[in-house]
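# A structural walkthrough
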Amino acid sequence: MKAAALAALTAAGALAPAAVGAEPRAVVVGPGAVARTLAAGPYRVAVGISPNAAGRRPNTFVVRTTRNGKPVEAAVSIRFTMPAMRMPSLGLRLGAARGTGVSRGVGETLTMPGRWEIVLHVVPRGSPAFDVAFVDVVAL
Ligand SMILES: [Cu+2]
């Protein structure tokens, strides 16, 4: 489809911006400790990162998943990528506390200061998996 036709469709309200390939504006968190709730379809995912410090320092990652206000039991893993550099991405698998919807993990995964792309992979029990992505600005 030609750009002009797309623009016309968009102007007419026939297509939402997302339908024409516009990137949703990324959520950016940090620097400093993070406490942010992100929406993913019917889910709400509350993310805590503390102290959110760069280098060979342990950070604690806490993810609480709910649906309609109720805790969702889920297996959660996190992928950490620094897109500005040729660095291998790092992974962290969180441990879940039964019945709470809360998963937690500690890792030295923010190995240097800068902008990290963080993707939470959430696998609710008995439901399809989904991802939640955001950018974390990490300082020393
Ligand atoms: Cu780097």
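In case you missed it, the structure is sitting above this.
Let me sum up the structure you'll find in this document. (Residues numbered from 1 in each chain as written. Predicted model: local features only at pLDDT ≥ 70, side-chain atom pairs only at ≥ 80, totals over all residues.)

So, about the overall build of the protein chain. Within the protein chain, the regular secondary structure consists of 1 helix and 11 strands. Along the protein chain, helices (α) and strands (β) appear in the sequence α-β-β-β-β-β-β-β-β-β-β-β when read from the amino end. Residues counted as buried form 21% of the 140 residues belonging to the protein chain. Pairs at least 24 apart in sequence give 53% of the contacts found in the protein chain among residues at least 6 apart. (Helix = DSSP H or I, 4+ residues; strand = E, 2+ residues; numbered from the N terminus. Buried ≥ 20, exposed ≤ 12 C-beta atoms within 10 Å, placed from the backbone. Contact = placed C-beta atoms within 7 Å.)

Remark on secondary structure: sheet strands pair via backbone hydrogen bonds, oriented parallel or antiparallel. Across the sheet, 5 strands lie side by side as S1-S11-S10-S6-S7; this open sheet has mixed pairing. Looking at strand neighbours, the two that pair on one side only are strand S1 (28-29) and strand S7 (90-93), the edges of this open sheet. When strand S6 (residues 74-81) meets strand S10 (residues 114-124), the two strands line up antiparallel, connected through 8 bridges. Paired with Val76 across the bridge in S10 is Val122. (Pairing = 2+ DSSP bridges.)

As a further point, take the environment of Val76. Note on placement: Val76 falls in strand S6. Note on Val76: 27 C-beta atoms within 10 Å, which makes it buried. In this structure the C-alpha to C-alpha distance between Val76 and Leu92, which are 16 residues apart in sequence, comes to 8.8 Å.

Once that is clear, we can look at unusual backbone geometry. Pro31 follows Gly30 through a cis peptide bond whose omega is 0 degrees. Relative to the helices and strands, Pro31 is located in the loop between S1 and strand S2 (34-40). Following Ser50, the chain continues into Pro51 via a peptide bond in cis, with omega recorded as 0 degrees. Counting through the fold element by element, Pro51 comes out in the loop between strand S3 (43-50) and strand S4 (59-67). Positioned with a positive phi, Asn52 is a non-glycine residue whose angle comes to about 60 degrees.

Take the nonpolar core next. In this structure, Val45, Val63, Val76, Ile78, Leu120 and Val122 are the most contacted members of the largest nonpolar core, which totals 20 residues. Only S3, S4, S6, S10 and strand S11 (130-138) provide two or more residues apiece to this core. (Core = buried A, V, L, I, M, F, W, Y, C linked by C-beta atoms within 7 Å.)

Mapping Ser77 onto the fold places it in strand S6. Considering only alpha carbons, one finds Ser77 and His121, 44 residues apart in sequence, at a separation of 5.3 Å. The contact partners of Ser77, leaving out residues within four places of it in the chain, are Gly91, Leu92, Arg93, Leu94 and His121.

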